[in-house]
Amino acid sequence: MQEEQEILAVCCWLGWVCSFYFGQFNMTFSLFSCLLFLLSVFSTLSHSLTPHSHHHPHSVTHNYRDALTKSILFFEGQRSGKLPSNQRMSWRRDSALSDGSAMNVDLVGGYYDAGDNVKFGFPMAFTTTMLSWSVIEFGGVMKGELQNAREAIRWGTDYLLKATAHPDTIYVQVGDAEKDHACWERPEDMDTPRSVFKVDKNNPGSDVAAETAAALAAASLAFKKTDPAYSKTLVRRAIRVFQFADKYRGSYSNGLKSVVCPFYCSYSGYQDELLWGAAWLHKATKNPMYLNYIKANGQTLGAADSDNTFGWDNKHVGARILLSKEFLVRKVQSLHDYKGHADNFICSVIPGSSSSRFTPGGLLFKMGDSNMQYVTSTSFILLAYAKYLTKAHVVVNCGGTTVTPKRLRAIAKKQVDYLLGENPLKMSYMVGYGPRFPRRIHHRGSSLPSIGVHPGKIQCSAGFSVMNSESPNPNTLVGAVVGGPDLNDRFPDERSDYEQSEPATYINAPLVGSLAYLAHSSGQL
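These numbers come from a predicted model, not from an experiment.

A few words on helix α6 (residues 146-163). End to end, α6 covers 26 Å across 18 residues, agreeing with the expected 26 Å (1.5 Å per residue, within 8%). Counting buried positions over the 18 residues of α6 gives 13, a clear majority of the element.

A word on the state of the cysteines. Every disulfide links exactly two cysteines, by a covalent bond between their sulfur atoms. Counted under the stated rule, the structure contains three disulfides. The disulfide partner of Cys 183 is Cys 460, and the gap between their sulfur atoms is 2.1 Å. The S-S bond linking Cys 183 to Cys 460 shows a torsion near -95°; that makes this disulfide left-handed. One end of the pair, Cys 183, is in the loop between α7 (177-181) and β3 (196-200); the other, Cys 460, is in the loop between α18 (444-447) and α19 (464-467), and 277 residues separate them in sequence. By relative accessible area, which is 22% here, Cys 460 ends up partly exposed. Each sulfur in the disulfide pair Cys 347 and Cys 398 lies 2.0 Å from the other. Residues Cys 347 and Cys 398 share a disulfide whose torsion about the S-S bond is about -90°; that sign makes it left-handed. A residue pair is termed long-range when its members are at least 10 positions apart, and Cys 347 in helix α15 (residues 337-349) and Cys 398 in strand β4 (residues 396-398) qualify at 51 residues. For the pair formed by Cys 347 and Cys 398, the shared burial category is buried. Look at the chain and number its bonded cysteines as they come in the sequence; the links are 1-6, 2-3, 4-5.

With that settled, consider unusual backbone geometry. Look at the link from Cys 261 to Pro 262: it is a cis peptide, with omega at 5°. Turning to its location among the elements, Pro 262 is positioned in the loop between α11 (257-260) and α12 (271-285). Of note in this structure, Ala 96 is not a glycine but carries a positive phi near 50°. In this structure, Ala 96 sits in the loop between α4 (64-77) and β1 (119-120). The phi angle at Lys 286 is positive, at roughly 60°, despite the residue not being glycine.

Time to look at the nonpolar core. Grouped together as the largest cluster of nonpolar side chains are 154 residues, with contacts concentrated most on Trp 133 and Tyr 385. In this structure Tyr 385 touches Ile 321, Ser 324, Leu 328, Lys 339, Ala 342, Asp 343, Ile 346, Val 396 and Leu 408, once residues within four positions along its chain are discounted.

At their nearest, the axes of α6 and helix α9 (residues 228-247) sit 11 Å apart, and the two run at 50° to each other. Here α6 is positioned oblique relative to α9, judged by the angle of their axes. Between α6 and α9 lies a crossing of left-handed hand. Taking contact as the criterion, the partners of Arg 154, Thr 157, Asp 158 and Leu 161 in α6 are, on α9, Tyr 230, Thr 233, Leu 234 and Arg 237. For the contact of α6 with α9, the class distribution of residues is three nonpolar, two polar and three charged.

Another point: the pairing of β3. The element β3 is extensively covered by neighbouring structure, given that four of its five residues are classed as buried. Of the pairings in the sheet, the one linking strand β2 (residues 169-174) to β3 comprises five bridges and is antiparallel in character. Note on β3: the bridge partner recorded for Ile 170 is Val 199.

Here the focus is the UniProt feature "active site" (unreviewed entry) in the chain. The UniProt entry lists His 442, Asp 493 and Glu 502 under the feature "active site" (unreviewed entry), expressed in the numbering used here. For the annotated residues, spread through 61 residues, the largest C-alpha to C-alpha distance comes to 10.0 Å, consistent with a single compact locus. Of note, His 442 is situated in the loop between α17 (405-419) and α18. Its relative accessible area of 10% is what places His 442 among the buried residues.

Glancing now at helix α13 (residues 288-297). Structurally, the α-helix is built with 3.6 residues per turn, so residues lying three or four positions apart point the same way. Every buried residue of α13 is accounted for by Tyr 290, Leu 291, Tyr 293, Ile 294 and Asn 297. Axial view of α13: buried residues confined to an arc of 155°, hence all on one face. Exposed side chains of α13 directed beyond 90 degrees from the buried face belong to Pro 288 and Ala 296.

Take the confidence of the model for the chain next. Of all residues in the chain, 89% attain a pLDDT of 70 or more, and the chain-wide mean is 90. Scored below 50 in pLDDT, residues 1-59 shows 25 contacts in the model against residues more than four places distant or in partner chains.

This brings us to the side chain of Arg 150. Along the chain, the position of Arg 150 falls in helix α6. This buried residue, Arg 150, is left without a salt bridge; Asp 227 holds the nearest opposite charge, at 9.1 Å. Apart from the residues lying within four places of it in its own chain, the contact partners of Arg 150 are Ala 222, Phe 223 and Thr 226.

The rules behind these values
Here the residue numbering is sequential within each chain, running from 1 through the sequence in written order. Only residues with pLDDT of at least 70 get local features here, since the model is predicted, and only at 80 or more are side-chain atom pairs given and counted; chain-wide, interface and lining totals rely on the full set of residues. Think of the side-chain values as coming from all heavy atoms in the structure, minus any hydrogens and water. Only DSSP runs of H or I reaching four residues or more are called helices, and only runs of E reaching two or more are called strands; each is numbered from the N terminus. Working rule for helices: expected span equals 1.5 Å times residues minus one. We call a residue buried when its accessible area falls under 20% of the maximum for its residue type, exposed when it is over 50%, and partly exposed in between, using a 1.4 Å probe and counting protein chains only. The disulfide definition used here is simple: a pair of cysteine sulfur atoms within 2.5 Å. Joining through side-chain atoms within 4.5 Å is the link that ties buried Ala, Val, Leu, Ile, Met, Phe, Trp, Tyr and Cys residues into a set, and such a set is a nonpolar core. Here a residue-residue contact requires only that any non-hydrogen atoms of the pair lie within 4.5 Å. Note on geometry: axes are lines fitted to C-alpha atoms, helical ones only across the stretch in contact, with angles between N-to-C directions running from 0 to 180 degrees. For classification purposes, an angle smaller than 35 degrees is called roughly parallel, one larger than 145 roughly antiparallel, one from 65 to 115 roughly perpendicular, and anything else oblique. Rotating anticlockwise by less than a right angle from the far helix to the near helix defines a left-handed crossing, while the corresponding clockwise rotation defines a right-handed one. In this count, Pro and Cys sit with the nonpolar residues alongside Ala, Val, Leu, Ile, Met, Phe, Trp and Tyr, while Asp, Glu, Lys and Arg are called charged and the others, Gly among them, polar. For two strands to pair, DSSP has to find at least two bridges joining them. UniProt positions are given in the numbering used here, feature names are shortened, and annotations may be inferred rather than shown by experiment. In this description, the arc belongs to the directions extending from the helix axis to the C-beta atoms. The pLDDT value expresses, per residue, how confident the predictor is, ranging between 0 and 100. Charged residues are defined narrowly, with Lys and Arg counted positive, Asp and Glu counted negative, and His plus the chain ends left uncounted. Salt bridges are identified by distance alone: a Lys or Arg side-chain nitrogen within 4 Å of an Asp or Glu carboxyl oxygen.

What follows is the structure, given as structure tokens:
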């Protein structure tokens with residue numbers, strides 16, 4: 001502000017000189033010359049006095065391609081089971097090689113959801129669905145990263161196929177969360193019980209089952225061209241699992257409350273997953289029975305609910321956006337209402353709407369615990385919906401305000417840019433990206449010395465001395481996106497602060513699609 005006042009003062013003085021000097025001559029010529037003179041002086045002064053980056057934030061171009069590579073690499077750091085020969089996150093080793101043996105089933109593989117060593121089926125399935133959706137929408141521009149993205153999906157689907165191998169049964173968790181959390185140890189050293197938990201006819205779990213069906217159906221589309229046989233296996237299993245979810249209705253949080261709550265309790269119920277699962281099966285199979293199911297059950301399953309938070313628990317928003325695509329792009333007229341339902345969500349996250357909160361630095365803020373998952377999922381939704389609107393040549397109307405696809409892309413880009421470092425702390429919330437990023441993330445394997453450095457076993461409680469220390473993590477979990485800053489853009493970078501410092505697979509999964517789009521649109525891919 002002070003610089004602008006100085007410029008104005010100089011120009012006023014020059015203007016007085018001009019009027020006095022040129023006033024002696026031809027008036028028209030003098031005013032014209034004076035104006036040109038003033039403009040050139042003002043331009044020169046403003047350029048020299050104004051820091052370039054301060055007034056031109058849009059000149060900062062992130063390396064979205066690098067961020068994309070890292071966002072996918074992260075999943076290798078979360079792998080459970082026997083690691084492949086092409087494993088790039090080399091500080092990780094084989095772990096949990098007897099998972100499932102407690103129930104005489106093979107449950108080796110899959111992902112650890114976050115910074116602990118439990119395999120939770122509910123968020124793992126959602127992660128797989130969102131990785132698949134990222135590839136379905138933006139895989140065409142991923143270039144060399146497309147194969148890595150598909151491998152990340154396959155690590156999830158191979159496990160989900162094992163978890164659903166027995167009809168009317170889904171193995172939904174491996175590991176006792178309470179006992180696991182009482183230790184701070186590497187997955188390679190685990191000695192806590194690898195208890196196995198399932199849902200079946202007697203203890204239903206429509207939420208986890210329908211999400212698993214969604215994951216298998218979405219993934220079948222991601223592999224349709226490159227591995228048609230695997231794609232068919234996935235879609236056949238998705239059909240069977242969805243039938244089980246719909247026939248034996250109930251929330252898995254009821255029968256498994258002491259096991260899955262409060263970690264991945266199904267707070268939103270199972271209706272959203274049934275609608276979401278049906279939407280993916282409709283997309284994957286083109287079988288009219290799923291469209292009929294959606295038409296008959298959409299309202300009772302909450303299609304018009306105003307719960308505008310999209311994440312591992314609540315899928316209503318995702319279902320609305322996915323079904324609105326069928327109306328907008330495929331011209332399925334019977335799904336007309338979903339355009340309105342989708343628009344309601346879009347209007348709820350536009351800056352300035354009464355239902356959206358943003359930090360002073362501009363980050364969408366939904367809740368204090370792992371807020372970045374809502375940032376990444378919402379950004380993906382905005383970019384996907386912008387794509388559908390563009391194809392259909394339509395816009396969103398928010399209470400008389402027209403919101404264009406271009407505006408949606410700009411909002412999504414701003415959120416991703418904040419995540420990558422355009423924020424008050426000038427910190428990237430993706431580990432390994434940019435000059436400044438979280439160094440003390442809440443993640444057991446990353447925080448303890450690797451087996452390559454420390455081959456000896458680190459006992460259950462011995463790791464807590466490291467967890468409570470101020471030392472940076474010795475292993476870089478490249479690409480991990482943490483829970484993020486608080487409502488006031490503050491981030492302490494403390495390992496004990498799991499709400500802000502813990503990464504999770506479902507934070508990264510939708511970000512993969514957004515980064516692919518941004519890398520392509522900025523000419524990096």
